[in-house]
Amino acid sequence: MSLTPTLGIARKAGLGLLLAMAIPAMAMAADSSLTIGMSTTFTTIDPHETSSSPNNAASRHIFDSLINRGGAAENNPQLATEWKIIDPTHWEFHLRKDVKFHDGSTFDAEDVIASLLRARDKPSQAFASYTRNIKDVSEVDPYTVMVETTVPDPMILNSLSRIRIISADHAQDSVADFDSGKAAIGTGPFKFVSYSPGDRLVLERNDDYFGGPSEWKNVTLRMIPDNGARLAALLSGDLDLIETMPAEGVDRVESSDNLQLIRGQSTRLVYLGVNVNDAPTAFITAKDGSKLDKNPLQDERVRRALLMSINRPAIVDRVMQKNGTVADQFVAKGYFGHSDVVEPVKYDPTGAKKLLEEAGWGDGFKITIQGPAGRYVNDSAVLQAVGQMFSRVGIETSVEVMPWSMYSKKYATGDYSLYLGSWGINTGEVSNPALAVVAGRNDEKGTGRYNGGNVNDPEINKLLDEATSTLDEASRKPLLEKVSELTFNKLWILPLHYENVVLAAKKSISYAPRGDKYTLAYDIKSTAN
């Protein structure tokens, strides 16, 4: 039968306490500390309130999921040990036994049901692209759950890897309860100690973790989006590892006897979102500041001219300091859904001017580009470079950057004309970014959650509906290739580059970078052991 998230609270807590007292503690790992300099700011400890890479990476320290998405986008068992397809819309998951929450209560099916339904039904709808096909979650027995989907869903394992499992005891708790630590009780490798928004999250080792205790007794995630400050803290010894190594500090790290660079590949696409709504926003006007009668960005020729005016190889080489690769579509060649018929757009400012003239905008217009400061690699500098390049083809451009905590609440709402966006394509295939970024916004279906450009292409919507209900990969592949073709030949978004992963750390630790760019303390090892 289906269970509600609040059933059995007293039973779980009482039994969990007794079992916790009866089971001897695992052998303790070394009492060492680790401090990580995060390059971006996470905004809450509630794992279901906001879906962004910083938030999702932070939550993985405290909470687990049914499926563990590996660094190479593979599906591994975590709180679910095995699973099978019963029929096209029913998946059965067998749960790991003898797992304890940080408060000593026992993990079982109730917690899975409470967590998946909470993520699905939360007003923020931050995880809608992952929960949109979940119709029901029911208990087969205390350690088996059935997930029923509205349609056949080939991405359900990936979706479930995104949703953290909380205690059913806290399913009704508020964001504030999680941020205070009251409800921040997971089964993960670390326990909550304290959280200072915009500053740090302090954790301590979960000695009873089912995967084995981390060698780090204490972990601190410090949020330091300023490149110079983050590098200085590493050089002074205050930090053990930093994300997003500033290019200007590479020589100092490489020449150090105590520090090292750690490099890897990323699937994160950085792009410009383009608002193609009928009415122009307040951020696009005639050059004299007067209102426009129509939105020039609706014209594909204008969008193409914008991309032609951007010298993307120069941005990757100089602004990104070679820490990126020019992108032409969601995923690089070799990934599922990459299309060989997408036409790469070359840098051609003269051709851009001709296209603007042809489209009736030879005199240009005035536009403001919005973006975050410190969220993506050299994001502010990238935007400044893009703005200068637009100005050279007659588009008077201003750039407005703001902290990620502010920008993250605005860029997906459709209020901006042109904005810097990014998507970490952790699935290694096209449906994940397409459903969020270019699918028509539909709250009931959970699509277009981050479609700040108001794109609504009926052919893309139809293809995605079919692709996301087709379990056979051979049939699904051409559907997603067509989605890539339509998205990038029509330039519904303007692709800039894929980010590379570049970290810096003390030589006393080792770490293998992940394609999703998550920095996870549990996976960081000491070279001394």
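Parameters at a glance
- Residues numbered from 1 in each chain as written.
- Predicted model: local features only at pLDDT ≥ 70, side-chain atom pairs only at ≥ 80, totals over all residues.
- Heavy atoms only, no water.
- Pairing = 2+ DSSP bridges.
- Helix = DSSP H or I, 4+ residues; strand = E, 2+ residues; numbered from the N terminus.
- Axes fitted to C-alpha atoms, helices over the stretch in contact; angles between N-to-C directions.
- Contact = heavy atoms within 4.5 Å.
- Parallel < 35°, antiparallel > 145°, perpendicular 65-115°, else oblique.
- Left-handed = near helix turned anticlockwise from the far one by under 90°.
- Nonpolar A, V, L, I, M, F, W, Y, C, P; charged D, E, K, R; others polar.
- Buried < 20%, exposed > 50% of the residue type's maximum accessible area, 1.4 Å probe, protein only.
- Polar contact = N/O pair within 3.5 Å; in protein donor to acceptor, adjacent residues only side chain to side chain.
- Salt bridge = Lys/Arg side-chain N within 4 Å of Asp/Glu carboxyl O.
- Core = buried A, V, L, I, M, F, W, Y, C linked by side-chain atoms within 4.5 Å.
- Phe/Tyr/Trp six-rings, centres within 6.5 Å; stacked < 30°, edge-to-face > 60°.

It is worth spelling out the sheet that holds strand 5 (residues 90–95) at this point. Across the sheet, which stays open at both edges, the four strands sit in the order 4-5-7-6 with antiparallel pairing between neighbours. Of all the strands in the sheet, just strand 4 (80–87) and strand 6 (134–141) have a single pairing partner and so form its edges. Neighbour to neighbour, the strand axes of the sheet diverge by 20° on average, direction disregarded. Where strand 6 and strand 7 (residues 144–149) come together, six bridges link them in antiparallel fashion. When the sheet's bridge partners are listed, Glu-139 is paired in strand 7 with Val-145. Set on the sheet, helix 3 (residues 109–121) makes contact with strand 5, strand 6 and strand 7; between it and strand 6 the angle comes to about 175°.

For the pair helix 15 (residues 458–467) and helix 16 (residues 473–489), the least separation of the axes is 9 Å and the interaxial angle reads 155°. By the angle between their directions, the pair helix 15 and helix 16 is classed as roughly antiparallel. Between helix 15 and helix 16 the crossing geometry is left-handed. Of the residues in helix 16, those touching helix 15 at Glu-459, Ile-460, Leu-463, Leu-464, Glu-466 and Ala-467 are Arg-476, Leu-479, Leu-480, Lys-482, Val-483, Leu-486 and Thr-487. When its residues are assigned to classes, the contact of helix 15 with helix 16 shows eight nonpolar, one polar and four charged.

Relative to strand 5, strand 4 runs antiparallel, the two being bridged by six bridges. Each bridged residue has a counterpart across the sheet, and for Trp-83 the counterpart in strand 5 is Phe-93. Adjacent in sequence and paired antiparallel, strand 4 and strand 5 are bridged by two residues.

Examined against the element boundaries, Thr-468 turns out to sit in the loop between helix 15 and helix 16. Overall, the relative accessible area of 6% leaves Thr-468 in the buried class. One polar contact links the side chain of Thr-468 to the main-chain carbonyl oxygen of Leu-464, over a distance of 2.6 Å. For Thr-468, the residues in contact, after removing those within four places along its chain, are Arg-132, Asn-133, Val-151, Pro-152, Asp-153, Pro-154, Ser-431 and Leu-435.

Before going further, it helps to examine helix 9 (residues 300–308). With seven of its nine residues buried, helix 9 lies for the most part within the structure. All of the buried residues in helix 9 are Val-302, Arg-303, Arg-304, Ala-305, Leu-306, Leu-307 and Met-308.

What follows covers the pattern of salt bridges. A pair can form between side chains of opposite charge whenever their charged atoms are brought close. Under the counting rule described, the total for this entry stands at 24 salt bridges. The shortest N-O distance in the salt bridge between Asp-46 and Arg-118 comes to 2.9 Å. With a gap of 72 residues between them, Asp-46 in the loop between strand 1 (32–38) and helix 2 (53–59) and Arg-118 in helix 3 connect regions that are remote in the sequence. Each member of the pair Asp-46 and Arg-118 is classed as buried.

Within the secondary structure, His-48 is located in the loop between strand 1 and helix 2. Side-chain polar atoms of His-48 contact the side chain of Arg-118, separated by 2.9 Å. The residues touching His-48, leaving out its near neighbours within four places in the chain, are Ser-115, Arg-118, Ala-119, Lys-122, Ser-124, Ala-126, Phe-127, Ile-163, Arg-164 and Ile-166.

Within the element layout of this structure, Asn-56 appears in helix 2. Its relative accessible area of 7% is what places Asn-56 among the buried residues. In this structure, the C-alpha to C-alpha distance between Asn-56 and Thr-487, residues 431 residues apart in sequence, is 27 Å.

Leu-272, Ile-310, Ile-315, Phe-330, Phe-390 and Val-438 are the most contacted members of the largest nonpolar core, which has 81 residues in total. Considering each element in turn, this core owes the most residues, six residues, to helix 12 (residues 379–391). Leaving out residues up to four positions away in the same chain, Leu-272 has contacts with Ile-310, Ile-369, Leu-383, Val-386, Phe-390, Tyr-419, Leu-420, Ile-493, Leu-494 and Leu-496. Core analysis: the next-biggest nonpolar cluster, separate from the first, contains 33 residues, Ala-184, Tyr-195, Val-219 and Ala-521 among them.

This next bit is on the packing of aromatic side chains. For the structure shown, the criterion picks out 18 aromatic pairs. Centre to centre, the rings of Tyr-209 and Tyr-522 are 5.3 Å apart; their planes meet at 80°, and the pair counts as edge-to-face. One end of the pair, Tyr-209, is in the loop between strand 9 (200–205) and strand 10 (216–223); the other, Tyr-522, is in the loop between strand 21 (509–510) and strand 22 (525–526), and 313 residues separate them in sequence. With a relative accessible area of 5%, Tyr-209 lands in the buried category. Seen from their ring centres, Tyr-407 and Tyr-416 are 6.2 Å apart, and the 10° between their planes marks the pair as stacked. Summarising the burial analysis for this pair, Tyr-407 and Tyr-416 share the class buried. Feature note: the residues Phe-283, Tyr-376, Trp-404, Tyr-407, Tyr-411, Tyr-416, Tyr-419, Trp-423 and Tyr-450 constitute an aromatic cluster, connected by ring pairs.

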